[in-house]
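Topology and contacts: notes
The lines below spell out each chain.
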Amino acid sequence: MNAPNRYELYVIEEGETPVEVIEDTKIPNAATIKILKQDHTLGNMLRAQLLTMPQVLFAGYKVPHPLHPYFILKIQTDGTITPDLVLSEACNQLIGTLSTLESKFKREFSFKEADGGPGAASAAGGAFATSDDPYGTGAGTGGGAGWGNRDDYLDF
Amino acid sequence: MDPVLRIREYQRDRVNFVLENVDLAMANSLRRVMMADLPTVAIDLVVVEANTTVLPDEFIVHRLGMVPLVSTNCDAAIRYTRDCNCEGESCEFCSMILTLHVKCNESITMDVTSNHLELQPHPEKGIEEAGEEPVRRTENFGLPVGKNDPDVDPILICKIRKGQELKVKCQVKKGIAKEHAKWSPCSAVAFEYDPHNKLRHTSYWYETDEKAEWPLGENAREEEPSREDELFDFNAKPNKFYFDVETDGSLGAQEVVMKVCDTFASSENVADERST
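Structure report, in brief. Remember, predicted model here, so these are calculated numbers, not experimental data. (Residues numbered from 1 in each chain as written. Chains lettered and ligands numbered in written order. Predicted model: local features only at pLDDT ≥ 70, side-chain atom pairs only at ≥ 80, totals over all residues. Heavy atoms only, no water.)

Turning our eyes to something else, we now look at the overall build of chain A. Within chain A one finds two helices and four strands. In chain A, the succession of α and β elements from N to C terminus is β-β-α-β-β-α. Considering chain A as a whole, with its 156 residues, one finds that 33% of them fall into the buried category. Within chain A, counting contacts between residues at least 6 apart in sequence, those at least 24 apart form 50% of the total. Summed over all atoms, the accessible surface of chain A reaches about 9400 Å², with 53% contributed by carbon and sulfur. (Helix = DSSP H or I, 4+ residues; strand = E, 2+ residues; numbered from the N terminus. Buried < 20%, exposed > 50% of the residue type's maximum accessible area, 1.4 Å probe, protein only. Contact = heavy atoms within 4.5 Å. Areas by Shrake-Rupley, 256 points an atom, 1.4 Å probe, with all protein chains shown as cover.)

Put into structure tokens, the structure is as follows:
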């Protein structure tokens, strides 16, 4: 009844800022970053990438409530770089990794295609064309025979 | 360290690959994006004009929604209704119309299948400026997967007997699986790492003998089992990930895997640009 609309999980509404940086006043070189309309997919990946960087002392994320479509990322650095810059650096590294991954996928797929295309061996349609009938009758008009020519009890 | 990729098996609707030298978080995000972030098209709004079958309207409408539709090049071929300038009116740039009208007049049990869904010309021409979306659609875009292909069994929607009729008009919309699972291009994504459980990320329940009751899978052949006298390395990190992506046919397996990188990078871009 009062469940939020599902699209609110990933659509940035008018007036919302996707990223908000709140600098921490009590801890040096620390910031809390609120990222709207993103979930564990991005949060966990960013956290992991930040932890590989030597300038980062602390990085953690949480999704405070499953119905609230945002996550919070906390970063503390050693002071040689600000938390928002280190985050931006982490994003660039991830984008770099992904583009190498993409080109690797492209290359691997082109090799496989040269070998004879998708499913050259067994699967040209094979995977789709399993003819085991899950309903136990032939396709189309199975079961018709059983009815015979009895009178229909429906009044047309 | 650069990621290492090896495709072990590649078919039209499935791809099996091994990914090395990436983080667990990265591999898991890859899996999550493939399952829930890729747009496809599916039947979203149904007007039931006649239904004298034994199944209630809701039942049939749900079944129609689950039918996989060909969604090749979905990014360019159709808009989200919320982004379209028809303001929710569902014009030809952000929706498609499928109809189904079947009536049984013989003394047989007739199958109503996805092959009976017919694509109709869209009555609502787009408002204002024209878009190129419809031109970019492939010939069978928006039609049920495998329609009129004799090698593919059609999807059974319901069965009707003599005198029963089903007439519906369906609106096809673009969406992603975070809104409804029917928009997921993947029917299954297998994901495994550390087949010998060397990292002890899990503990196996067993009755008498753990080894006998938990047989090793195929992927275990790719890695060395731990020796009896080997000490537990608590600093070890998973490094090799086994994927098997199976699609429902709406997108090819290759398209799914390739689009992941795009979708992914764009969400990071957003995070990146705004933070500086």
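This part takes up the overall build of chain B. Of regular secondary structure, chain B possesses six helices and ten strands. Here chain B holds 276 residues, and 49% of them are scored as buried. Put simply, of all contacts in chain B between residues at least 6 apart along the chain, 79% involve residues at least 24 apart. Approximately 13800 Å² of chain B is accessible, and the part contributed by carbon and sulfur atoms is 48%.

A few words now on the side chain of Q49(A). Residue and element names in this part refer to chain A. In this fold, Q49 is placed in helix 1 (residues 40–51). Given a relative accessible area of 15%, Q49 falls into the buried group. Apart from the residues within four sequence positions on either side, Q49 is in contact with A90, Q93 and L94.

Moving on: the packing of helix 1 of chain A against helix 2 (residues 83–114) of chain A. Residues and elements named next belong to chain A. The N-to-C vectors of helix 1 and helix 2 enclose an angle of 105°; their axes lie 9 Å apart at closest approach. Judged by the inter-axis angle, helix 1 sits roughly perpendicular to helix 2. Between helix 1 and helix 2, the contacting residues are M45, L46, Q49 and L50 on the first element and V86, L87, A90, C91, Q93 and L94 on the second. Here the contact of helix 1 with helix 2 is built from residues that sort into eight nonpolar, two polar and no charged. (Axes fitted to C-alpha atoms, helices over the stretch in contact; angles between N-to-C directions. Parallel < 35°, antiparallel > 145°, perpendicular 65-115°, else oblique. Nonpolar A, V, L, I, M, F, W, Y, C, P; charged D, E, K, R; others polar.)

The next point concerns empty space enclosed by the protein. Across all of its chains, the model carries one cavity of 30 Å³ or more by this definition. Looking at the largest cavity, its volume works out to about 40 Å³. (1 Å grid on protein atoms, 1.4 Å probe; cavity = no way out; pocket = protein on both sides within 12 Å on 5 of 7 lines; lining within 4 Å. Points joined across faces, edges and corners; volume = space filled by probe spheres on them.)

All names here are of chain B. Among the structural elements, H196 can be located in the loop between strand 9 (186–193) and helix 5 (210–213). Of the polar contacts made by the side chain of H196, one reaches the backbone oxygen of E223; its length is 3.0 Å. Not counting residues up to four positions away in its chain, the partners in contact with H196 are L216, A220, E223, E224 and P225. (Polar contact = N/O pair within 3.5 Å; in protein donor to acceptor, adjacent residues only side chain to side chain.)

Right, let's talk about the layout of surface pockets for a bit. Residue and element names in this part refer to chain B. Each pocket or cavity is described by its volume, and for the largest pocket that value is around 890 Å³. In terms of lining, the largest pocket is formed by 32 residues, of which the most central are H196, N197, K198, L199 and S226. At the level of secondary structure, the elements contributing two or more residues to the lining of the largest pocket comprise strand 9 and helix 5. Split into classes, the residues belonging to the lining of the largest pocket amount to twelve nonpolar, seven polar and 13 charged.

Turning next to a negative patch on the surface. All names here are of chain B. On the surface, E207, D209, E210 and E213 cluster together into a negatively charged patch. Relative to the assigned elements, E213 resides in helix 5. Take E213: its relative accessible area is 31%, and that puts it in the partly exposed class. (Patch = residues over 30% accessible without salt bridge, like charges linked within 9 Å, V, L, I, M, F, W, Y side chains within 5 Å. Salt bridge = Lys/Arg side-chain N within 4 Å of Asp/Glu carboxyl O. Lys, Arg positive; Asp, Glu negative; His and termini not counted. Charge placed at Lys NZ, Arg CZ, Asp CG, Glu CD.)

Moving on: the sheet that holds strand 2 (residues 30–36) of chain A. All names here are of chain A. Read from one edge to the other, the open sheet built from four strands follows the order 1-2-4-3, with strand pairing classed as antiparallel. If you trace the sheet from one side to the other, it starts and ends with strand 1 (19–23) and strand 3 (56–62), each paired once. Pairwise comparison of adjacent strand axes, ignoring direction, gives a mean angle of 15° for this sheet. Relative to strand 2, strand 1 is paired through five bridges, and the arrangement is antiparallel. Bridge pairing in strand 2 places V21 opposite I33. Packed onto the sheet, helix 1 meets strand 2, strand 3 and strand 4 (70–77) and runs at close to 170° relative to strand 3. (Pairing = 2+ DSSP bridges.)

This brings us to the pairing of strand 1 (residues 4–10) of chain B. All names here are of chain B. As paired strands, strand 1 and strand 2 (residues 14–20) are joined by six bridges and run antiparallel to one another. When the bridges of strand 2 are listed, I7 appears paired with F17. Between strand 1 and strand 2, which pair antiparallel and follow one another directly, the connecting turn spans three residues.

On to the environment of Q120(B), then. All names here are of chain B. On the secondary structure map, Q120 appears in strand 6 (residues 118–120). In sequence terms Q120 and I97 are 23 residues apart; their C-alpha atoms lie 5.5 Å from each other. Those residues in contact with Q120 that sit more than four places away from it in its chain are I97 and T99. Within polar-contact distance, the side chain of Q120 engages the side chain of T99 at 2.7 Å.

For the structure shown, the criterion picks out ten aromatic pairs over all chains. Plain terms: the ring middles of F105(A) and F109(A) are 6.1 Å apart, the flat faces sit at 20° to each other, and that makes the pair stacked. Note that F105(A) and F109(A) are positioned in helix 2 at a spacing of four residues, about one turn of the helix. Side by side, F105(A) and F109(A) carry an identical accessibility label, which is buried. Between F109(A) and Y10(B), the aromatic rings sit 4.9 Å apart at their centres with planes inclined by 65°, giving edge-to-face as the arrangement. Of this pair, F109(A) sits in helix 2 while Y10(B) sits in strand 1, on two different chains. Both residues of the pair, F109(A) and Y10(B), belong to the buried class. Every member of this aromatic cluster is reached through a ring pair, and the members are F105(A), F109(A), Y10(B), F17(B), F191(B), Y193(B), F241(B) and F243(B). Geometry around F232(B) places R200(B) over its ring, the cationic atom sitting 4.2 Å from the centre. (Phe/Tyr/Trp six-rings, centres within 6.5 Å; stacked < 30°, edge-to-face > 60°. Lys NZ or Arg CZ within 6 Å of the ring centre and 35° of its normal.)

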